[in-house]
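# Report on the structure
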Amino acid sequence: DTAVSQTPKYLVTQMGNDKSIKCEQNLGHDTMYWYKQDSKKFLKIMFSYNNKELIINETVPNRFSPKSPDKAHLNLHINSLELGDSAVYFCASSQATRPGSGEKLFFGSGTQLSVL
Amino acid sequence: DAKTTQPNSMESNEEEPVHLPCNHSTISGTDYIHWYRQLPSQGPEYVIHGLTSNVNNRMASLAIAEDRKSSTLILHRATLRDAAVYYCILAGGTSYGKLTFGQGTILTVHP
């Protein structure tokens, strides 16, 4: 079983559309994340949820809205897609029970979003 | 966030040891040193992390300088599957898994 799985793997859509990416982890972790890898391959954190509560929101446009229905799922909804949103989006999870505990993250295989 | 400096690229031959350096002169006392790698078309994969002492696991070893201003990831016998981008990351303090990835080191392994 894949530990952190995200769907779809590829997403091609038009500007202005609304789309969602789903993520599920079966590791029993308390914390989940969304990271974005741009065309220059830089990976940056977008959001983090701990036990369904938003704890990190890194200056992301409010067109991006994460939703955590339970601690095993963290979905990313994007409204009014723009060309600049094209990137690879990675979901991750960790058993982080307190800040700075040196926890290790488990990443999914990514969703490549292409906005035309 | 404390920054790390890594060489852009390194090369190795298969079955030889590889030492990947990382400088982090502004590391704080609560920062852990993490190493992740990213194989082509995959998500980052945890390799190892440590705070002060050297660490070993089945994938690699982490050697941390006494002043903690630098560290070295050691792959004892490189294989072709180890070809990846290796990231040295400092994380700790108030972070909840907030990893700040730099450019990393592209490791090429020759057969």
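Look up a bit, the structure's there.
All of these numbers come straight from a predicted model, not from anything done at the bench.

### Quick notes on the sheet that holds strand S8 (residues 84-92) of chain B
Note: strands within a sheet are paired through backbone hydrogen bonds, in either parallel or antiparallel orientation. All names here are of chain B. Reading across from one edge, S1-S9-S8-S3-S4 is the order of the 5 strands in this open sheet, with mixed pairing throughout. Each of the sheet's edge strands pairs with one partner strand only, and the pair in question is strand S1 (9-13) and strand S4 (45-50). Between one strand axis and the next, the sheet turns by 25° as a mean value, whatever way the strands run.

### Observations concerning the nonpolar core
Core analysis: the largest hydrophobic core is formed by 21 residues, its most contacted members being Leu20, Ile33, Trp35, Leu73, Leu75, Tyr86 and Leu107 of chain B. Mapped by element, the contributors of at least two residues to this core are strand S2 (18-23), strand S3 (31-38), S4, strand S6 (61-64), strand S7 (70-75), S8 and strand S9 (105-110) of chain B. Of all hydrophobic cores here, the second largest spans 20 residues; its members include Val4, Trp34, Phe47 and Ile78 of chain A.

### Here we look at the sheet that holds S7 of chain B
All names here are of chain B. Strand order in the open sheet formed by 4 strands is S2-S7-S6-S5, and the pairing between neighbours is antiparallel. Each of the sheet's edge strands pairs with one partner strand only, and the pair in question is S2 and strand S5 (55-56). Relative to S7, S2 is paired through 6 bridges, and the arrangement is antiparallel. Note on S7: the bridge partner recorded for valine 18 is leucine 75.

### As for the environment of histidine 29 of chain A
Residue and element names in this part refer to chain A. Within the fold, histidine 29 resides in the loop between strand S3 (19-25) and strand S4 (31-37). Expressed as a C-alpha distance, the spacing of histidine 29 and phenylalanine 106, which sit 77 residues apart in the sequence, is 9.8 Å. Setting aside anything within four residues of it in sequence, one finds histidine 29 in contact with Lys71, Ser93, Ser94, Gln95 and Phe106.

How each quantity is defined
Residues numbered from 1 in each chain as written. Chains lettered and ligands numbered in written order. Predicted model: local features only at pLDDT ≥ 70, side-chain atom pairs only at ≥ 80, totals over all residues. Heavy atoms only, no water. Pairing = 2+ DSSP bridges. Helix = DSSP H or I, 4+ residues; strand = E, 2+ residues; numbered from the N terminus. Axes fitted to C-alpha atoms, helices over the stretch in contact; angles between N-to-C directions. Core = buried A, V, L, I, M, F, W, Y, C linked by side-chain atoms within 4.5 Å. Buried < 20%, exposed > 50% of the residue type's maximum accessible area, 1.4 Å probe, protein only. Contact = heavy atoms within 4.5 Å.

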